[in-house]
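As a plain string of letters, each chain reads:
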Amino acid sequence: MRSRRTLPVLAALAAGLLALAGCSSTTPPATGATTDRSAAGLDLGESWDWAPQGAPLDLGVTHTQDSLDDHDPAESNARGEAILKDSAVWQNVHLMGFGTLSPEPAPGQFDWATLDERMDLVKRTGARTVLTACCAPDWMKGGVAGQTDWTRLEVAPLPQDFQAYADLVAQTVQRYPQIERVVVWNELKGFFDMTKNRWDYEGYTALYNAVYTAVKAVRPDVQVGGPYPVMISLPTDDPNASDTLKGSWGAIDRRILDVLEYWDTNKVGADFLAVDGGTAQRGGTISGRLDDAAAKFSDVTRFLRSKTTVPIWWTEFYSEVPEGQTGAADGQASAASTLASVAAFARSGVSVALLWGPQGSSLPYSALWTDATEAAGGQPTPLTQAWEWLVPRLAQGNVELGTAQDSPLIAFRATDGSALVVNVSDEEVPVAGQEPLAPYAIGLRNAPTP
């Protein structure tokens with residue numbers, strides 16, 4: 001068990017570490033930045049265990065229902081865009097849904113307007129573009145041509161329309177040359193077979209192969225991946241719990257591993273493997289240190305890397321907070337939990353991790369700016385500055401990941417001597433000669449002056 005002990009202080013660093021309170025390097029917070037030196041001078045040397053980054057890690061975002069849209073207040077959008085420019089190597093846009101309308105509401109009749117807007121946002125904020133090939137127009141899933149029933153968004157295309165859907169995706173990558181990656185479908189939506197109590201991995205793989213083949217036929221340069229399942233955590237005694245992939249966080253649903261095995265064996269090709277998931281067991285919460293819960297991401301990634309040589313993408317990830325803490329876009333505990341997850345990704349060699357919904361919403365997870373549909377929106381959150389600091393450094397692949405031996409702290413250390421420190425507990429951390437470090441505090445230490 002890790003003990004609570006007063007941390008040593010290095011005098012040379014005594015002015016270097018500032019606690020972050022929702023401030024951004026590009027946009028000042030609405031309430032004004034504050035300087036709290038309670039974390040100044042933390043020793044990042046002998047009392048820490050360090051490990052090199054497992055592989056270069058590209059951080060990015062997935063745009064969802066509301067995300068700096070043209071009809072939002074202009075000033076809020078401007079603030080949000082200033083943050084977005086520093087916050088993503090990749091930006092992910094869905095073909096239909098999650099902020100975009102049906103691109104082909106009837107066979108051969110196209111409406112690209114909302115997808116045009118999202119693609120333009122990605123271009124003008126300087127990111128690389130991912131297309132998630134989900135979801136499908138109603139006429140491809142037994143609905144009425146020319147109409148969209150949004151309650152059926154998560155219904156999969158009918159097998160006889162897999163090729164029509166693949167052709168639509170191919171047409172999309174031709175229309176938008178900026179698209180570099182395609183993820184096929186989203187969380188196996190509509191592919192669960194209730195009669196067999198398992199995922200219809202045969203059906204999904206048939207759709208995947210159709211899309212992969214169609215995209216490669218028109219744009220061989222576009223990389224395509226899948227199958228994008230949710231890596232569901234279960235109690236280890238659950239009948240569906242895996243015997244081979246488990247840890248202190250629980251066990252992965254073995255039916256998901258069946259999906260991955262079938263897809264891997266029967267796919268026509270893949271340039272990366274995409275998954276998603278959260279830190280909590282299904283229907284539960286986490287307890288204790290945030291980095292202990294985030295260890296699931298490291299364990300799952302290492303398991304996947306033992307099975308494949310293609311890059312691993314976490315296309316969504318959900319960093320829960322312990323019971324009694326507030327999970328929210330502007331929540332301090334949510335921000336710290338997100339950073340614990342990023343540390344787990346970096347340790348285990350994840351290639352890409354995408355933050356779901358960079359704009360604040362009702363979801364109980366971190367975001368990078370507050371709700372820009374409101375006049376005072378587009379403001380930075382407790383995660384913003386830390387995330388902006390991490391994006392370029394993790395992409396370079398030479399960040400060290402640290403864990404304090406005697407206190408509930410983790411850290412990211414760059415080659416220039418700057419560092420990001422996170423309190424991953426609900427306890428104050430004593431600091432010799434200074435104020436204690438607050439629960440879930442995030443501190444950024446600037447590079448030492450030569």
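Residues numbered from 1 in each chain as written. Predicted model: local features only at pLDDT ≥ 70, side-chain atom pairs only at ≥ 80, totals over all residues. Heavy atoms only, no water.

1. Remarks on the overall build of the protein
- Looking only at helices and strands, the protein features eight helices and 19 strands.
- In the protein, once contacts between residues fewer than 6 apart in sequence are set aside, the share between residues at least 24 apart is 73%.
- When the accessible surface of the protein is split by element, carbon and sulfur atoms take 49% of a total near 17,400 Å². (Helix = DSSP H or I, 4+ residues; strand = E, 2+ residues; numbered from the N terminus. Contact = heavy atoms within 4.5 Å. Areas by Shrake-Rupley, 256 points an atom, 1.4 Å probe, with all protein chains shown as cover.)

2. Some details on the side chain of Ser298
- Position of Ser298 relative to the elements: it lies in helix α6 (residues 290–305).
- Judged by its relative accessible area of 6%, Ser298 falls in the buried class.
- Among residues more than four places away in sequence, those in contact with Ser298 are Ala344, Arg347 and Ser348. (Buried < 20%, exposed > 50% of the residue type's maximum accessible area, 1.4 Å probe, protein only.)

3. Quick word on the sheet that holds strand β12 (residues 250–253)
- Spatial strand order, β10-β12-β11: three strands in an open sheet with antiparallel pairing. Looking at the sheet topology across the chains shown, the edges are occupied by β10 (233–234) and β11 (241–247).
- In this structure, β11 lies alongside β12, joined through three bridges in antiparallel fashion. Among the inter-strand pairings, Gly247 is bridged to a residue of β12, identified as Gly250.
- Those strands touched by α6 are β10, β11 and β12, and its axis lies near 120 degrees from that of β11. (Pairing = 2+ DSSP bridges. Axes fitted to C-alpha atoms, helices over the stretch in contact; angles between N-to-C directions.)

4. Observations concerning the pairing of strand β16 (residues 400–404)
- The buried fraction of β16 is high, at four of five residues.
- Bridging between strand β2 (residues 48–52) and β16 involves five bridges; their strand directions are antiparallel. Its bridge partner lying in β16, Pro52 is registered against Glu400.
- Here β16 pairs with strand β17 (residues 409–413) via four bridges, running antiparallel. Within β17, the residue paired with Thr403 across the bridge is Ile410.
- Between β16 and the antiparallel strand that follows it, β17, lie four residues.

5. Some words on the pattern of salt bridges
- Going through the model one piece at a time under the given rule, you end up with 14 salt bridges.
- Arg255 serves as the salt-bridge partner of Asp253, at 2.7 Å between the closest nitrogen and oxygen. For the pair formed by Asp253 and Arg255, the shared burial category is buried.
- Among the ionic pairs, Arg413 bridges to Glu400, the shortest N-O distance being 2.9 Å. Taken together, the residues Arg413 in strand β17 and Glu400 in strand β16 connect sequence positions 13 residues apart.
- On the basis of relative accessibility, which here comes to 30%, the residue Glu400 falls in the partly exposed class.
- Among the charged side chains, a salt-bridge network with shared partners connects Glu81, Asp120 and Arg124. (Salt bridge = Lys/Arg side-chain N within 4 Å of Asp/Glu carboxyl O.)

6. Observations regarding the sheet that holds strand β5 (residues 128–133)
- Strand order in the closed barrel formed by eight strands is β3-β4-β5-β6-β9-β13-β14-β15, and the pairing between neighbours is parallel. Sheet twist, expressed as the mean angle between neighbouring strand axes with direction ignored, is 25 degrees.
- The pairing of strand β6 (residues 179–184) with strand β9 (residues 223–230) spans three bridges and is parallel. The residue bridging Val182 from the neighbouring strand is Val224, located in β9.
- Sitting on the sheet, helix α2 (residues 113–124) touches β4 (90–94), β5 and β6, and the angle it makes with β4 is about 175 degrees.

7. Examining the packing of α6 against helix α7 (residues 332–348)
- Where α6 contacts α7, the axes come no closer than 8 Å and their chain directions differ by 30 degrees. Between α6 and α7, the crossing angle belongs to the class labelled roughly parallel. Read as a crossing pair, α6 and α7 show a hand that is right-handed. Along its contact with α6, which presents Leu290, Asp291, Ala294, Phe297, Ser298, Thr301, Arg302 and Arg305, the element α7 presents Ala333, Ala336, Ser337, Ala340, Ser341, Ala344, Phe345, Arg347 and Ser348.
- Residue composition of the contact of α6 with α7, by class: eight nonpolar, five polar and four charged. (Parallel < 35°, antiparallel > 145°, perpendicular 65-115°, else oblique. Left-handed = near helix turned anticlockwise from the far one by under 90°. Nonpolar A, V, L, I, M, F, W, Y, C, P; charged D, E, K, R; others polar.)

8. Comments concerning the confidence of the model for the protein
- Summary statistics for the protein give a mean pLDDT of 91 and a share of 90% for residues scoring 70 or more.
- In the model, residues 1–16 has pLDDT below 50 throughout and makes 45 contacts with residues more than four positions away in sequence or in other chains.
- Every residue in residues 21–40 scores below 50 in pLDDT, and together they form 53 contacts with partners more than four places removed in sequence or on other chains. (pLDDT = per-residue confidence, 0-100.)

9. Examining helix α3 (residues 162–175)
- The first and last C-alpha atoms of α3 sit 20 Å apart over 14 residues, in line with the 20 Å expected at 1.5 Å per residue.
- Within α3, burial applies to Phe162, Tyr165, Ala166, Leu168, Val169, Ala170, Thr172 and Val173.
- Where α3 is buried, its residues touch α2, β5, β6 and α4 (201–218). (Expected span 1.5 Å × (residues − 1).)

10. As for the nonpolar core
- With 123 residues, the main nonpolar core has Tyr165, Val182 and Trp185 as its most contacted residues.
- With 10 residues, α7 is the single largest residue contributor to this core.
- Those residues in contact with Val182 that sit more than four places away from it in its chain are Leu131, Ala133, Val169, Val173, Val222, Gln223, Val224, Gly225 and Phe272.
- Residues Ala404, Ala411, Val421 and Ala441 belong to the second largest nonpolar core, which totals 11 residues. (Core = buried A, V, L, I, M, F, W, Y, C linked by side-chain atoms within 4.5 Å.)

11. A look at the packing of α7 against helix α8 (residues 384–396)
- For the pair α7 and α8, interaxial distance at closest approach is 12 Å and the crossing angle is 10 degrees. Of the possible angle classes, the one that applies to α7 and α8 is roughly parallel. Here α7 contributes Thr338, Leu339, Val342 and Ala346 to the contact with α8, which in turn contributes Ala386, Trp387, Leu390 and Leu394.
- Residues of the contact of α7 with α8, tallied by class, amount to seven nonpolar, one polar and no charged.

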